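Fold and geometry: a report
Residue-level listing of the chains:
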Amino acid sequence: MENLTTRGRVTRLGATALGLVLLLVGTFWGSDDDFPFGPFRMYSTSNPPNAPAPDTRVEGVNSDGDVIDLDQNATGIRRAEIEGQQSRYVDDPTLLTQIADAYAERHPDAAELVEVRIVIRWHGIRAGRPTGQHIDQTVVRWQALR
């Protein structure tokens, strides 16, 4: 077993000190983008025990009047991408045509979508447990010109 040189010890202590400083700065002033030196709030926070839990989904209505679940398998677009861009869709509902186009590309023989909407299902929670009740809220809707 070899002993570290003075230079080796100083280098390791410096790297350790730098890592600790970055961790502390990131913890107090960082954001999720600074991970691993910033907080990863998704796992470090929780909702109040009686607050409803959101479950976002995208659904469409085809020309036959059927409601279609526009999940990742149907469109190739992940739910996280939809949730991350939700404010953009609310500001400009015509962006939902991209989802309709993605569905049409994957399902060329399916009936055309005449409506796409983002719906949040708010699941009731009481004392940290689901109540079995829910409320659906349509946050944005795009309808094709007829």
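The structure this text deals with has already been given above.
Residues numbered from 1 in each chain as written. Predicted model: local features only at pLDDT ≥ 70, side-chain atom pairs only at ≥ 80, totals over all residues. Heavy atoms only, no water.

Turning next to the overall build of the chain. Looking only at helices and strands, the chain has six helices and four strands in total. Helices (α) and strands (β) of the chain occur, in sequence order from the N terminus, as α-α-β-β-α-α-α-α-β-β. For a compact globule of 146 residues, the expected C-alpha radius of gyration is about 15 Å, and the chain comes in at 24 Å, more than 25% above that figure. Seen along its three principal axes, the alpha-carbon backbone of the chain occupies a region of about 75 × 40 × 35 Å. Put simply, the chain has 146 residues, and 26% of those count as buried. (Helix = DSSP H or I, 4+ residues; strand = E, 2+ residues; numbered from the N terminus. Rg over C-alpha atoms; globule rule 2.2 N^0.38 Å. Buried < 20%, exposed > 50% of the residue type's maximum accessible area, 1.4 Å probe, protein only.)

A few words now on the pairing of strand S1 (residues 53-62). Sheet topology places S1 next to strand S3 (residues 113-126); 10 bridges connect them, and they run antiparallel. The residue bridging Glu59 from the neighbouring strand is Arg117, located in S3. In terms of strand pairing, S1 meets strand S2 (residues 67-69) through three bridges, oriented antiparallel. Along S2, the bridge assignment pairs Val61 with Val67. Hairpin geometry of S1 and S2 is characterised by an intervening segment of four residues between the two adjacent antiparallel strands and by a positive phi of about 90 degrees at Gly65. (Pairing = 2+ DSSP bridges.)

It is worth spelling out the pattern of salt bridges at this point. Inspection of the entire model under this criterion finds nine salt bridges. Here Arg57 makes a salt bridge to Glu59, at a shortest N to O gap of 3.0 Å. Relative accessible area serves as the criterion here: at 23%, Arg57 is assigned to the partly exposed category. A salt bridge links Arg141 to Glu115, with the shortest nitrogen-to-oxygen separation between them at 2.5 Å. Here Arg141 is found in strand S4 (residues 129-143), whereas its partner Glu115 is found in strand S3, with 26 residues between them in sequence. For Arg141, a relative accessible area of 41% translates into the label partly exposed. By relative accessible area, Glu115 is classed as buried at 8%. In this structure, a network of salt bridges that share partners links the residues Arg57, Glu59, Glu115, Arg117, Arg121, Asp136 and Arg141. (Salt bridge = Lys/Arg side-chain N within 4 Å of Asp/Glu carboxyl O.)

Once that is clear, we can look at the nonpolar core. Counting residues in hydrophobic clusters, the biggest one holds 19 residues, and the most contacted among them are Leu70, Tyr89, Leu96, Ile99 and Val116. Among the elements of the structure, helix H6 (97-106), S3 and S4 are those that each provide at least two residues to this core. Once residues lying within four places of it in the same chain are set aside, the contact partners of Leu96 are Tyr89, Val116, Ile118, Val140, Arg141 and Trp142. (Core = buried A, V, L, I, M, F, W, Y, C linked by side-chain atoms within 4.5 Å. Contact = heavy atoms within 4.5 Å.)

Before going further, it helps to examine the side chain of Glu59. Of note, Glu59 is situated in strand S1. Residue classification places Glu59 among the buried positions, given a relative accessible area of 11%. For Glu59, the side chain forms a polar contact with the side chain of Arg57, separated by 3.0 Å. Side chain to side chain, Glu59 and Arg117 meet in a polar contact 2.7 Å long. (Polar contact = N/O pair within 3.5 Å; in protein donor to acceptor, adjacent residues only side chain to side chain.)

Looking now at the side chain of Gln86. With respect to the helices and strands, Gln86 occurs in helix H5 (residues 86-91). Ignoring any residue separated from it by four or fewer positions in sequence, one finds Gln86 in contact with Thr56, Ile118, Ile120 and Val139.

Once that is clear, we can look at the pairing of S4. Judged from the 11 bridges that link them, S3 and S4 form a sheet pairing that is antiparallel. Opposite Ile120, over in S4, you have Gln137 as the bridge partner. Taking the residues that link successive antiparallel strands as the turn, the S3-S4 hairpin has two residues, and the phi of Ala127 there is positive, at about 55 degrees.

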